[in-house]
Amino acid sequence: MQFMASPGGTLPRRPTIGVFDSGVGGLTVLRALLERIPDADYLYFGDSARLPYGSKSAATVAHYAVGAAHYLQDRGAELLVIACNTATALALDQIKAASRVGVIGVVEPGAQAAAAASRNRRVVVIGTEATVSSHAYRRALEAKGIAAREKACPLFVPLVEEGWVEHPVTEQVARIYLSEAFADDFRESDVLVLGCTHYPLIRSLLGRVAPEHVTIVDSAESTAHAVAEQLQVAPIESVRSHERRAYPRLKFFATDSAEKFRKMGTRFLGHAVEDVEHVDLKE
Ligand code: DGL
């Protein structure tokens, strides 16, 4: 990787990190990146016109994701973070093959954190239909000696987009999904992986509904750590506060209405989404 940390732990120059998602959901990953690596510039591409990816085929998702990866590189991204779990699960290899910069997806960092957190080597992963059908998480976990049950939770994305994050309907839906996931051989699973960009918004609800002994692993946070490691960014707490130049520049591209992206994005990012440009990717 071309970015090396100086002895003081800060980067010699600010990297430009491209973040790709099917829409606003990946802003949860951007949020984690901003906390971990504030000294960078970010280009975020949300393919909001073609969302959801979670119900599409691998070929379609790969086609869309490669187009977005090219766009971000043409705008100056020096590293790509595939924030979308579905795009990572279905198309990471194609995106890597089509990119001239480094590419990091969310599945491997999430699986690594889950493997580290699980005492009894049994993990439940929740995600979209497409992520679950690809078995990308199961493969990554089994490679680390962990048994995994993957459970599709397709109703969560629309519920979260509706803003129903602390809502009795969402809680009831979560009870049904999680009771099906934590059953039989996986009753004693001790880790729940949030394998979708939208789930960090219902993390506390899921924490209440999941069995008490369960640790939640957020693949957004794990990915931010993996990116920091790759860029050799010093742990934030070890950089003296006067050395922190926490003024990331953020630029957003959305394939559907910029106004809609701005409005909905604010909830996912946790603060105002400002500089949004509408882009029209030709098929
Ligand atoms: N970003 C997707 C993911 O993380 C969820 C939304 C969609 O289905 O496009 O899997």
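This one's a predicted model, so the numbers in the text were calculated from it and none came from an experiment.

From N to C terminus, the protein chain includes eleven helices and ten strands. Its C-alpha atoms give the protein chain a radius of gyration of 18 Å, near enough to 19 Å, the size a compact globule of 283 residues would have. Taking the principal axes of the C-alpha coordinates as reference, the protein chain spans close to 50 × 45 × 35 Å. The contacts in the protein chain between residues at least 6 apart in sequence include a share of 75% that link residues at least 24 apart. As presented, the protein chain carries roughly 12200 Å² of accessible surface, and 51% of it is formed by carbon and sulfur atoms.

In a beta sheet, neighbouring strands pair by backbone hydrogen bonds and run either parallel or antiparallel. Overall, parallel pairing links the four strands, which are arranged 6-5-7-8 in an open sheet. Both outer strands of the open sheet, strand 6 (147-152) and strand 8 (215-218), are each paired with one neighbouring strand and no more. The sheet shows a mean angle of 25° between the axes of neighbouring strands, direction not considered. Of the strand pairs in this sheet, strand 5 (residues 122-127) and strand 7 (residues 191-195) are connected by five bridges, and their pairing is parallel. Within strand 7, the position partnered with I126 by the bridge is L194. The sheet contacts of helix 4 (residues 107-117) involve strand 5, strand 7 and strand 8, and relative to strand 8 the element is tilted by about 160°.

All right, on to the site of the ligand then. Neighbouring the ligand are 13 residues, the closest being D21, S22, Y53, G54 and T86. Between an oxygen atom of the ligand and a main-chain N or O atom of N85, the distance comes to 3.0 Å. A distance of 2.9 Å separates a nitrogen atom of the ligand from a polar side-chain atom of T197. Across the shell around the ligand, the residue classes break down as five nonpolar, seven polar and one charged.

All right, on to the pairing of strand 7 then. Burial runs high along strand 7: five of the five residues are buried. Alternating residues of strand 7 divide into V191, V193 and G195 and L192 and L194, and every residue in both groups is buried. As paired elements, strand 7 and strand 8 share four bridges and run parallel to each other. Note on strand 8: the bridge partner recorded for L192 is I216. For the handedness criterion, the β-α-β arrangement of strand 7, helix 9 (residues 203-209) and strand 8 is classed as right-handed.

Definitions and cut-offs
Residues numbered from 1 in each chain as written. Predicted model: local features only at pLDDT ≥ 70, side-chain atom pairs only at ≥ 80, totals over all residues. Heavy atoms only, no water. Helix = DSSP H or I, 4+ residues; strand = E, 2+ residues; numbered from the N terminus. Rg over C-alpha atoms; globule rule 2.2 N^0.38 Å. Contact = heavy atoms within 4.5 Å. Areas by Shrake-Rupley, 256 points an atom, 1.4 Å probe, with all protein chains shown as cover. Pairing = 2+ DSSP bridges. Axes fitted to C-alpha atoms, helices over the stretch in contact; angles between N-to-C directions. Near = heavy atom within 4 Å. Polar contact = N/O pair within 3.5 Å; in protein donor to acceptor, adjacent residues only side chain to side chain. Nonpolar A, V, L, I, M, F, W, Y, C, P; charged D, E, K, R; others polar. Buried < 20%, exposed > 50% of the residue type's maximum accessible area, 1.4 Å probe, protein only. Right-handed = clockwise from strand over helix to strand, strands pointing away.

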